[in-house]
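Each chain is listed here by its residues.
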Amino acid sequence: MKFKNYEVHQNENVVSVFPSRIRKLHTTRSWDILRMPQTLKRNHQIESNIIVGVLDSGIYMDAPSFNDNGLGPPPSKWKGRCQVAGNFTGCNNKVIGAVFYNNDPATRHPNPSPQDEEGHGSHTSSTIAGASIAGASLYGLAQGTARGGVPSARIAMYKVCWPKGCSDIDLLAAMDDAIDDGVDVLSISISGESNSFFDNSFAIGSFHAMKKGIFTACSAGNSGPDLYTVQNTAPWIMTVGASGLDRQFLTPVKVGNGIETTGLSINTFSPNKKMYPLTTAAIAANSTLSKDSTPWFCDEGSLDREKVNGKIVLCQGGARLSYIKSLGGIGAIVSLQKKRDTSFISAIPATYVDSIFGDKILAYVNSTKFPQAVIYKSKTAPNAAAPFLASFSSRGPAMLSRTLLKPDVVAPGVNILAAYTKLSSMTGTLGDDRFDVYTLMSGTSMSCPHVAGAVAYIKTFHPNWSPSAIKSALMTTASELRIKATVAELGYGAGQIDPVSALHPGLIYDMSKFDYIRFLCEEGYSGTTLRLFTEDNTDCASVPNIGGHDSLNYPSMYYQFQNPNTSINIVFHRTVTNVGLKNSIYKATVKAPRNLKVSVIPNVLAFSQLNEKKSFNVTIQGPPLLLQTNQITHLSASLEWSDTKHRVRSPIFITLAQQM
């Protein structure tokens, strides 16, 4: 289906017209965390034939991560192109394709080209397939070898994102081209809300990619920890949340009375003096500020230039660092009630500290005539909580369907070192003179390319596996996170990916396009709306019904109650395919709370050959949720099949729908 040629007029070939929305970008140690060291066994020749298509903000070819040393010409299957325009001079044997799409007046750029002026696209691309570069760091922080998950694979950049956003018109055109160009994997660290799959550019484009055997990974969004915020939730998409690394960046701070602590930030500045003048937002407040406003957030217009100039400012609850810098402020200490789990690059020396220490600083400033402080350069420190679910990572339940547990998995997305562009400073703020080819970024935008890289790696060993087979392998071998909250699965799905274990999952939950069509039929799609996905006259009557709650052969099981007084009595139908040992016997193990009865029939599956399929039912019964202990609204369980050599785990999650 050629999306880019659609016109708005009466034409029987046009099955859908919907307004183009403007979407947003979701913004070295990580591959080691995922048990993929540099010494990992690889099929280098096959890996060099893998092409990963990235829809993003462009690519900066001068970054070392994109050198093509040792790579031959592009794979013969490649049908894409390299668009030389503006200040973009061309591709190489690593970045074999680069094109831009800028058709929406709302995002129109005066001088469009595939060049990455923001750094986001370079960061995601190098995380997937960047060359191995020793000695990479951000001003000495996170020093080590920067590398992608598949360093020999090829990159095709489809620039669809501009300073004003990413348009549906461009997204659909780019996905259309990527399918024709011969990519094997699509990585899309972009999201946006839709009312249905029918008017969702990601869902439509990725469905057609799936039919061609192309795997699509998408970021879940950065609107956590609120529930009902996850995006990109079509079942044929792998929706990726963000987890944290075992590394964090701490910034020491010391005040004049000797009190010192460490806060979270990425501060590349080293102090030239032992101490600097210190003030507070309250003391430095703008005299024109209304009585109803507070200066403590250090927002635009809240502070007086003369009182800030040349000083470190103590703020509370937040701070606009670029604003403090514009007033001549030389640093900021931000006191926070809630603990942060993510560091960000600061435009001036800054650190985010616990409110207990912030209160001590405030008392010190109010007790002396000439308060002073100093903020030191950040240092790397271990984080024993890893892997943990990042607070910003969007959570389910999914808004577009009540039958899917989303996100599917999580991958590292906190403080990831990867390629950047020298066309933008580290923070993009006026006066920031730090430019580098590497940077640290956080977001589900960073976790999504880790899954894309893992998928590409798996494809080098299993080139004939379908997208759903690879998704199943990554989900059923994923690891639960160390710190588990009450609604953990709504944040991390099946858990953190383990690409090496996914090479040998034992059993897979496979699906074809007809399984997804059945899902769409159950969701109420039919007629012309269904044609948007099928491209033919397939109707719901022609798709056999497998029964069960979700009509899908999904690796996870999810049920959302609308009525808290309804008893739990649901059935899931599943079929697994043997990809482990020829002769094997798998036994089912269920973990569930005492007030939930989970039955698996049959609970033993005996296989005598590879690719043999076996079906089973999972029945879940229990009293109404509000009759459970302590007014529980969420119940977590799991099903695990094992032949003693393979562990095939599926999360089971039951929740009570909230009134939105």
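Definitions and limits used
- Residues numbered from 1 in each chain as written.
- Predicted model: local features only at pLDDT ≥ 70, side-chain atom pairs only at ≥ 80, totals over all residues.
- Heavy atoms only, no water.
- Helix = DSSP H or I, 4+ residues; strand = E, 2+ residues; numbered from the N terminus.
- Buried < 20%, exposed > 50% of the residue type's maximum accessible area, 1.4 Å probe, protein only.
- Polar contact = N/O pair within 3.5 Å; in protein donor to acceptor, adjacent residues only side chain to side chain.
- Pairing = 2+ DSSP bridges.
- Domains from an automatic or database assignment.
- Contact = heavy atoms within 4.5 Å.
- Buried area = accessible area lost by both parts, 1.4 Å probe.
- Salt bridge = Lys/Arg side-chain N within 4 Å of Asp/Glu carboxyl O.
- Phe/Tyr/Trp six-rings, centres within 6.5 Å; stacked < 30°, edge-to-face > 60°.

A. Expanded view of the side chain of serine 189. Of note, serine 189 is situated in the loop between β9 (185-188) and β10 (190-191). The exposure class assigned to serine 189 is buried, which follows from its relative accessible area of 1%. One polar contact links the side chain of serine 189 to the main-chain carbonyl oxygen of serine 445, over a distance of 2.9 Å.

B. Just the pairing of strand β32 (residues 647-656), in detail. In terms of burial, β32 is largely enclosed, as 9 of its 10 residues are buried. The pairing of strand β31 (residues 634-642) with β32 spans 9 bridges and is antiparallel. Paired with glutamate 640 across the strands is arginine 649, a residue of β32. A loop of 4 residues connects β31 with β32, the two strands running antiparallel in sequence, and threonine 644 in this loop sits at a positive phi of about 80°.

C. Seen up close, the domain arrangement of the protein chain. Taken as a whole, the protein chain is organised into domain 1 (29-244 + 389-503), domain 2 (247-380), domain 3 (512-545) and domain 4 (552-656). The centre of domain 1, based on its C-alpha atoms, is set 31 Å off from the matching centre of domain 4. Between domain 1 and domain 4, the contact holds 25 residues from the first and 18 residues from the second. Together, the buried faces of domain 1 and domain 4 total about 1900 Å²; carbon and sulfur atoms form 59% of this surface. When the buried surface of domain 1 facing domain 4 is broken down by residue, Arg402, Leu405 and Thr476 rank first, second and third, together holding 31% of it. A salt bridge links arginine 649 to glutamate 480; the nearest nitrogen and oxygen atoms lie 3.2 Å apart.

D. Looking closely at helix α13 (residues 513-522). Burial runs high along α13: 7 of the 10 residues are buried. Where α13 is concerned, the buried positions are Asp515, Tyr516, Ile517, Arg518, Phe519, Leu520 and Cys521. Note on α13: the residue one or two positions beyond its end, glycine 524, has a positive phi of about 100°.

E. Quick look at the packing of aromatic side chains. Counted under the stated rule, the structure contains 15 aromatic pairs. Centroid distance tryptophan 236 to tyrosine 516: 5.7 Å. Interplanar angle 80°. Geometry classified as edge-to-face. Of this pair, tryptophan 236 sits in the loop between β11 (215-219) and β12 (238-243) while tyrosine 516 sits in helix α13, placing them 280 residues apart in sequence. Each of the two residues, tryptophan 236 as well as tyrosine 516, counts as buried. An aromatic cluster is built from Phe197, Phe207, Trp236, Tyr516, Phe519, Tyr525 and Phe533, whose rings are joined through pairwise contacts.

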